[in-house]
Amino acid sequence: MPPRDLPGLYWDEDRQRYFPLSSAPSHGKERPDIDPIAQSQQQTASDTDTRNQAFPLMKSQHRLLSGLRSSPPSTSRKDRLTHFLQCSQFASTGKVERSLMPSPWYGGSVTAFQTKTARHNGRVWSFAGDSVGWVYSSLTSSRNPITAFFAHGWQPEFNLSSEVSSICCSDSWCIATSFGPDCKILHFPLDTTTEDIRVSRIDSRVACDIWTADLRGSRLALGARSQLVCIDDVANRATIHNLPTYSDVFSVAQENHVIYAGLRNGGIFRFDTRTWGSKGDALLDGLFTQPHNSITNLRLLCDFQLLVSNVDGKISTFDLRFPAIRTPLKAYTGNVNSYVIKPIAVDPSEDFLFAAGQDNRIRLWSLRSGGPPLAPNTSSTPMESQGLNLLQHHFMQPIRAMQISEEAEGMALWVGSGSDVFKYSLGQHVSAGCNF
């Protein structure tokens, strides 16, 4: 009897081992023409059904804690139960704080958000951008980030004249970009004692319509109209590289000397910054290009995985060690989207995935298991807090920005919706000072 099917691999009966699909012999029985994403979704759903007898949301947190206490230390079972307990706690999140943006122009809505703790002094910077071009900042102390954040409010820093399309931070800088034919970049130093805030204008012959940006160290990658633009040193703008993609770049991810670009036409390209003259390598054998299924988000996980979200709501992970294999490692089903770019957020430990849907709801998945989203856990949530449950809440305005940060009291999910910024304390139930 053949062993279990594994994504991206096939079983050789004669040699009694697995091999990559790309090395499968072309002769013999033809493989059926199937959608690898749909196949992975079916397999993930089957695996999830098999595990449901021990899945955390089918158990009480009391039973999970009892199993955790009875587990020997440093065992895989203890790690699995700890993850299940976190799943249950995150799914019951109900503690939320709300901050109204002081937009000088009526109708402005939050389009970008980032929070960053400065290493040199421990202060917490928060930045937000809106649809009319304003960039706001808030500076608090890491000792009491919640009270200070909502007491001091937001300060308008600069207006970029058009919608703020992205905000990204490094240890030294916060970079905000604007969308449109006359793009601007705001350079905000996190160490305000040595640098001043400055704004640079991008010539339309160099780049226009900046959709997204990613900052790693001093290198800034911009996803623009029909090209990827890379600035080696964001502080000095010494060298600018224009890498043609022939389709708008909706998503960017960087790691070491490699930049990944997700395109409007569904293509995913990988560029090596050590050889700027190369055209880039196409990944996944054009899986999302026929028909076009735009790549709206890219995230690098676990050193060798690429998390991909599409404009039609698909979310899946792929093994970068086999860049030509079209079959995903895991598929995350149940997301709702059809034509807009929606944000996703991954926690620092890369165990959980949040995604905003076109129906103005947020869904949560375990990155370890895939399959359908985790259901809201109301069994352990106080009755008065169930209406504020993160996974049950229907936001009044579209969700345009999300980020997960590590706070003194635990992890927090930041959500930009309409003119508001919401802060959910993940795993906590009590609501404090929020009025929906």
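See above for the structure.
A short tour of the structure in this document, coming up. (Residues numbered from 1 in each chain as written. Predicted model: local features only at pLDDT ≥ 70, side-chain atom pairs only at ≥ 80, totals over all residues. Heavy atoms only, no water.)

### Describing the sheet that holds strand β23 (residues 330-332)
How we decide: Two strands qualify as a pair provided DSSP detects at least 2 bridges between them. Secondary structure elements are taken from DSSP: a helix is a run of H or I of four residues or more, a strand is a run of E of two residues or more, and numbering for both begins at the N terminus. Throughout, an axis means a line fitted to C-alpha atoms (over the contacting stretch in the case of helices), and angles, computed between N-to-C directions, take values from 0 to 180 degrees.
Reading across from one edge, β20-β21-β22-β23 is the order of the four strands in this open sheet, with antiparallel pairing throughout. Across the chains shown, the open sheet's two edge strands, defined by having one partner strand only, are β20 (295-301) and β23. Neighbouring strand axes in the sheet, compared pairwise and without regard to direction, differ in orientation by 20 degrees on average. Of the pairings in the sheet, the one linking strand β21 (residues 305-310) to strand β22 (residues 315-319) comprises five bridges and is antiparallel in character. Within β22, the position partnered with Leu307 by the bridge is Thr317.

### Details of the nonpolar core
Threshold: Residue types Ala, Val, Leu, Ile, Met, Phe, Trp, Tyr and Cys, when buried and joined through side-chain atoms within 4.5 Å, form a set referred to as a nonpolar core. Here's how the labels work: a residue is buried when its accessible area is under 20% of the maximum for its type, exposed when over 50%, partly exposed in between, all with a 1.4 Å probe on protein chains only. Note on contacts: a residue pair qualifies if any of its non-hydrogen atoms lie within 4.5 Å across the two residues.
Of all hydrophobic cores here, the largest spans 24 residues; its most connected members are Phe354, Ile362, Leu390, Met402, Leu413, Val415 and Tyr424. If we ignore the near neighbours within four places in the chain, the residues touching Ile362 are Phe354, Ala355, Leu390, Leu391, Phe395, Ile399, Met402, Leu413 and Val415.

### Remarks on helix α3 (residues 76-91)
Quick reminder: α-helices carry 3.6 residues per turn. Residues three or four places apart thus point the same way. Stated precisely, the cut-off is as follows: The span expected for a helix works out to 1.5 Å for each residue beyond the first.
Between its terminal C-alpha atoms α3 stretches 23 Å, which fits the 22 Å expected from 16 residues at 1.5 Å a residue. Among all positions in α3, only Leu81, His83, Phe84, Leu85, Cys87, Ser88, Phe90 and Ala91 are buried.

### Section: the environment of Asp420
The cut-off we apply is this: Polar contact is the term for a pair of N or O atoms within 3.5 Å; when the atoms are in protein, one must be able to donate a hydrogen and the other to accept it, and sequence-neighboring residues count only if both atoms are side-chain atoms.
Note on placement: Asp420 falls in strand β29 (residues 420-425). For Asp420, a relative accessible area of 10% corresponds to the buried category. Expressed as a C-alpha distance, the spacing of Asp420 and Gln397, which sit 23 residues apart in the sequence, is 9.3 Å. If we ignore the near neighbours within four places in the chain, the residues touching Asp420 are Arg98, Ser99, Leu100, Val110 and Val415. Engagement of the side chain of Asp420 in a polar contact is seen with the side chain of Arg98, the distance being 3.0 Å.

### Regarding the sheet that holds strand β12 (residues 212-216)
Here four strands make up an open sheet; going across it, the order is β12-β13-β14-β15 and the pairing antiparallel. Only two strands of the sheet have a single neighbouring strand rather than two, namely β12 and β15 (240-244). Direction aside, the axes of adjacent strands within the sheet are offset by 15 degrees on average. Judged from the five bridges that link them, β12 and strand β13 (residues 219-224) form a sheet pairing that is antiparallel. Each bridged residue has a counterpart across the sheet, and for Leu215 the counterpart in β13 is Leu220.

### Side note on the side chain of Asn293
Mapped onto the secondary structure, Asn293 falls in the loop between β19 (281-282) and β20. The class for Asn293 is buried, based on a relative accessible area of 10%. Excluding residues within four positions of it along the chain, Asn293 makes contact with Asn265, Gly266, Phe288, Asn310, Val311, Asp312 and Lys314.

### Some words on the packing of aromatic side chains
The criterion, for reference: For Phe, Tyr and Trp, where Trp contributes only its six-membered ring, two rings pair if their centres lie within 6.5 Å, and the inter-plane angle classes them as stacked under 30 degrees, edge-to-face over 60, or tilted in between.
A complete count under the given rule lists 12 aromatic pairs for this structure. Ring geometry for Phe113 against Trp154: centres 6.3 Å apart, planes inclined by 80 degrees, an arrangement best described as edge-to-face. Placement of the pair is Phe113 in strand β4 (residues 110-117) and Trp154 in the loop between α4 (145-152) and β7 (155-159), with a sequence separation of 41 residues. Exposure remark for Phe113: the relative accessible area of 5% places this residue in the buried category. A centroid spacing of 6.5 Å and a plane angle of 75 degrees characterise the contact between Phe395 and Tyr424, whose relative ring orientation is edge-to-face. With Phe395 in the loop between β26 (362-366) and β27 (399-407) and Tyr424 in strand β29, the pair connects residues that are 29 residues apart, well separated along the chain. Under the relative-accessibility criterion, Tyr424 is labelled buried at 0%. Clustering of aromatic rings is evident, with ring pairs tying together Phe113, Trp154 and Trp414.

These figures capture arrangement, not role.
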